[in-house]
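Remarks on the overall topology
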Amino acid sequence: MISGKKEKQIRQLLEQIFEKDTEAILKNARIQELTRGKKFVIQKDPLQAIYILVSGTVSVLEEYTDGNAYVFQENTAPTIFGEMESFAGMDCYIASLIAKTDCTFLVISKADYMHFMNMHKELYLKRLREDLSSVLQRGHKDRWTLQLQGVERIRLYLIRNYKKTGINQPYELLTTRQSIADETGLSLKTVQRAIKELKEQGDLTTKGHKILISEQQYLQMLKDVEHIPYD
């Protein structure tokens, strides 16, 4: 049973997701806290646990046999990892998961989670619809992204990162060029060329390895991508 200072936050989050009978989840779950950069799920590993993200940000990676990896999604709370695979009857995780920031999870076994869902058929159907809607929407955005040239992909990447800060002042991106390549699915050379081109166009400024974006540059990039559907 979960108790302590995080209990209220967790109860509120579970009520947001499941609406009712949250005690059935709580009594079978445990809290797990992970530090930034920790990989806690490896693609194709046996699916034994469901991870409910309580706080923090998680990067979702597609890993390839040649050693390359592509960060195709980032999730914040509340997100449930392992749920879609379980609903689909899969025995393995379909992607690797890394804590992009310090994270707190509520962890419950796959067996206990599916038992809970089978006892609440309406909730099961609701969660299934939400998962399917998420997959279809993401697929639509991914198809658009794959058609974009390197410069446009980097513009979208920078816009999304700027928006996450919620600021109207110069934004400083400390991420390495290789990390940008991993998160956008572009090669390192393409990222470097795109950043150079965007700098020449006045859409960003660089200071050493840092990328700086002013509010004016952000607004200009927004105009440049008006024709592209993005979130």
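Note that the structure is predicted; figures quoted are calculated from it, not measured.

For the rest of this paragraph, the subject is the packing of helix 6 (residues 150–165) against helix 9 (residues 215–224). In a pair of packed helices, the angle between the axes and the distance between the axes together describe the arrangement. It is at 10 Å that the axes of helix 6 and helix 9 come closest, and there the two elements cross at 130°. Judged on the interaxial angle alone, helix 9 and helix 6 are oblique. Read as a crossing pair, helix 6 and helix 9 show a hand that is left-handed. On helix 9, the residues touching Arg155, Leu158, Ile159, Tyr162 and Lys163 of helix 6 are Glu215, Tyr218, Met221, Leu222 and Asp224.

Moving on, we get to the environment of glutamate 83. You can see glutamate 83 is positioned in helix 3 (residues 83–87). Classification of glutamate 83 as buried rests on a relative accessible area of 0%. Within the structure, the side chain of glutamate 83 is placed 2.4 Å from the side chain of tyrosine 113, a separation counted as a polar contact. Side chain to side chain, glutamate 83 and arginine 127 meet in a polar contact 2.8 Å long.

What follows concerns the pattern of salt bridges. Evaluated as defined, the whole model comprises ten salt bridges. One salt bridge in this structure joins lysine 126 and glutamate 130, with 2.9 Å as the shortest N-O distance. Within this pair, lysine 126 and its partner glutamate 130 are both found in helix 5 (residues 121–147), separated by four residues, close to a single helical turn. We note a salt bridge from arginine 127 to aspartate 131, for which the minimum N-O separation is 3.8 Å. Within this pair, arginine 127 and its partner aspartate 131 are both found in helix 5, separated by four residues, close to a single helical turn. Owing to a relative accessible area of 10%, arginine 127 belongs among the buried residues under this scheme. When salt bridges with common partners are traced through the structure, they connect Glu83, Lys126, Arg127, Glu130 and Asp131 into a single cluster.

Bringing helix 6 into the picture now. Relative to the 22 Å expected for 16 residues at 1.5 Å per residue, helix 6 spans 23 Å between its end C-alpha atoms, a close match to the ideal helical length. The set of residues buried in helix 6 consists of Gly150, Val151, Arg153, Ile154, Arg155, Leu156, Tyr157, Leu158, Ile159, Asn161 and Tyr162.

Strands sit in the order 9-11-10 across an open sheet of three strands; the sheet is antiparallel. Each having just a single partner strand, strand 9 (171–173) and strand 10 (205–207) make up the two edges of the open sheet. Across the sheet, the mean angle from the axis of one strand to that of its neighbour is 30°, orientation sign disregarded. In this sheet, strand 11 (residues 210–213) lies alongside strand 9 in antiparallel orientation, the contact comprising three bridges. Bridge pairing in strand 11 places leucine 173 opposite isoleucine 211. In this fold helix 9 packs onto strand 10 and strand 11, with an angle of close to 80° to the strand it touches most, strand 11.

The rules behind these values
Residues numbered from 1 in each chain as written. Predicted model: local features only at pLDDT ≥ 70, side-chain atom pairs only at ≥ 80, totals over all residues. Heavy atoms only, no water. Axes fitted to C-alpha atoms, helices over the stretch in contact; angles between N-to-C directions. Helix = DSSP H or I, 4+ residues; strand = E, 2+ residues; numbered from the N terminus. Parallel < 35°, antiparallel > 145°, perpendicular 65-115°, else oblique. Left-handed = near helix turned anticlockwise from the far one by under 90°. Contact = heavy atoms within 4.5 Å. Buried < 20%, exposed > 50% of the residue type's maximum accessible area, 1.4 Å probe, protein only. Polar contact = N/O pair within 3.5 Å; in protein donor to acceptor, adjacent residues only side chain to side chain. Salt bridge = Lys/Arg side-chain N within 4 Å of Asp/Glu carboxyl O. Expected span 1.5 Å × (residues − 1). Pairing = 2+ DSSP bridges.

Any functional reading would require information beyond the geometric quantities listed.
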